[in-house]
Amino acid sequence: MENQTNSKNIILNYGLYLGIIGVFIHLAFYATGTLIKFGWLSGVISFIAMVAIIVLGIKKFKTDNGGFLTFGQALKVGVGIAVISAVITTIYTLLFTNVIEPDFQNQMMEVQKQAWLDSGMSDEQIEASEAMAEKFSSPVITIPVSIVVSAFFGFIISAIGGAIMKKTEEEQY
């Protein structure tokens, strides 16, 4: 492959697009007052956006690369887009939970406690669950976990997209 496209700009641009879309989706649900009630829907919409942007990024790379794409290139582009997006949304989440809505974690915990009560958990079980949830909600844990989870889903999406869109120069002959 003599004229190979640089993936860096595609990864940065599409990662930025996906990060901004994720932030916009979150802010739209927050502004409408439905973030706590329909947080799951925000996640679904964000995942659909992730699939679309990663596929578009891989397709753009393939187009810029003369119509050729290896499986490894697809993985590199897709996971790169997912990680850049995760960094952006993680920074936004820290800003949101510490500046914009510092009481958000407490509001979410109250909703979760009610769900535990409704499911029949005892007070001791709820207290233990709450203590565990607080341990796992610290930025030291949530930041790396969110980046790794995003990279994992980026890998899965890229692997599927790369397998479908793969076209090497050797296959042309």
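Note: the structure precedes this text.
Parameters at a glance
Along each chain, the written sequence defines residue order, and numbers are assigned to residues from 1. The predicted origin of the model limits local features to residues at a pLDDT of at least 70 and limits the giving and counting of side-chain atom pairs to 80 or more, whereas totals for whole chains, interfaces and linings rest on all residues. Hydrogens and water molecules were not included; the side-chain quantities draw on all heavy atoms of the structure. Where helices and strands are cited, they refer to DSSP runs of H or I of at least four residues and of E of at least two residues respectively, numbered from the N terminus. Think of it in three bands: with a 1.4 Å probe and only protein chains considered, a residue is buried below 20% of the maximum accessible area for its type, exposed above 50%, and partly exposed in between. Polar contact is defined as a pair of N or O atoms within 3.5 Å, subject to the rule that within protein one atom must be able to donate a hydrogen and the other to accept it, and that residues adjacent in sequence are counted only when both atoms are side-chain atoms. The residues that make up patches have over 30% relative accessible area and no salt bridge, and they are joined within 9 Å when like-charged or within 5 Å when they are Val, Leu, Ile, Met, Phe, Trp or Tyr. Per-residue and other accessible areas follow the Shrake-Rupley method at a 1.4 Å probe size, with only the shown protein chains counted as cover for residues. In what follows, salt bridge is the name for a side-chain nitrogen of Lys or Arg lying within 4 Å of a carboxyl oxygen of Asp or Glu.

(A) The environment of Gln114, seen in detail. Structurally, Gln114 is set in helix α4 (residues 104-118). A relative accessible area of 41% means that Gln114 is categorised as partly exposed. The spacing of Gln114 and Ile126 is twelve residues in sequence and 9.5 Å in space, taken between C-alpha atoms.

(B) Up close: the side chain of Glu130. Locating Glu130 in the fold gives a position in helix α5 (residues 123-136). Polar side-chain contacts of Glu130 include one of 3.3 Å to the side chain of Lys113.

(C) Representation of the side chain of Ser85. Checked against the element boundaries, Ser85 lands in helix α3 (residues 71-100). A polar atom in the side chain of Ser85 sits 3.5 Å from the backbone nitrogen of Gly19.

(D) Structural view of a nonpolar patch on the surface. A cluster of nonpolar side chains, Phe47, Val51, Val55, Val145, Val149, Phe152, Phe153, Phe155, Ile156, Ile160 and Ile164, forms an exposed patch at the surface whose accessible area comes to about 930 Å². Elements that contribute at least two residues to the nonpolar patch include exactly α2 (39-64) and α6 (139-165). If you tally residues by element for the nonpolar patch, the top one is α6, at eight residues. In this structure, Val149 sits in helix α6.

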